[in-house]
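# Structural overview
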Amino acid sequence: MLRPLLERWETFKKRYQQRHPRAFGEEDIPDDVYLVIQASSDLDIAEFTVFMNAYQRWFGRPGEEARVERHYLGYMFHARVPPWVREYCRQVIAEAQRHRLDPVTFGVLPKLTRRVKTGLAMFAVAFGFLVLLFTVAEYTLQDRYQHTGVLDRTSVGARP
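One structure accompanies this document, and this report is about it. (Residues numbered from 1 in each chain as written. Predicted model: local features only at pLDDT ≥ 70, side-chain atom pairs only at ≥ 80, totals over all residues. Heavy atoms only, no water.)

What follows covers helix H3 (residues 47-59). For H3, with 13 residues, the first-to-last C-alpha span of 18 Å sits near the 18 Å given by 1.5 Å per residue. Buried within H3 are the following residues: Val50, Phe51, Asn53, Ala54 and Tyr55. The elements touched by buried residues of H3 are helix H2 (31-43), helix H4 (65-78) and helix H5 (83-97). After H3 finishes, the residue Gly60 shows a positive phi value of roughly 80 degrees. (Helix = DSSP H or I, 4+ residues; strand = E, 2+ residues; numbered from the N terminus. Expected span 1.5 Å × (residues − 1). Buried < 20%, exposed > 50% of the residue type's maximum accessible area, 1.4 Å probe, protein only. Contact = heavy atoms within 4.5 Å.)

We now examine the pattern of salt bridges. The full count for this structure, using the stated rule, is 3 salt bridges. A salt bridge links Arg98 to Glu95; the shortest N-O distance between them is 2.9 Å. Its relative accessible area of 47% is what places Arg98 among the partly exposed residues. The residue Glu95 makes a salt bridge to Arg100 at a minimum N-O spacing of 3.9 Å. The network of salt bridges with common partners includes Glu95, Arg98 and Arg100. (Salt bridge = Lys/Arg side-chain N within 4 Å of Asp/Glu carboxyl O.)

Here it is in structure tokens:
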């Protein structure tokens with residue numbers, strides 16, 4: 001039972017290493033740790049979030065932070081990656097290789113991009129500037145033209 005799994009893992013590892021050669025200095029990183037780093041990079045989330053999302057996907061319920069943290073500490077200090085995280089990372093990497101990676105299907109909510117944030121900030125500044133202009137104009141009209149008062153709408157169109 002274990003032999004087919006090990007063979008599948010070795011073939012996956014060989015194909016992955018052919019497609020994605022490691023950069024200089026990354027040769028010493030264990031394969032499982034490299035999987036987590038790569039999945040984290042592909043999804044653009046923190047490694048701990050990879051563990052939390054993997055827990056929820058594997059067990060079907062959100063993981064308690066203390067429980068997931070125990071596994072994460074084993075990963076950080078001893079390079080031990082639980083099987084549910086390993087499988088999650090393999091799925092993420094496989095989808096990324098096929099150019100079909102949708103982060104929402106892996107539990108990652110979309111973030112506002114920098115352009116959207118900049119656009120919203122510019123809109124807020126422009127709106128604030130317009131409000132300021134109208135406020136100053138209203139104050140100026142009331143201060144300088146007090147004698148005009150409110151126009152009588154009935155006398156506007158009438159001729160003597």
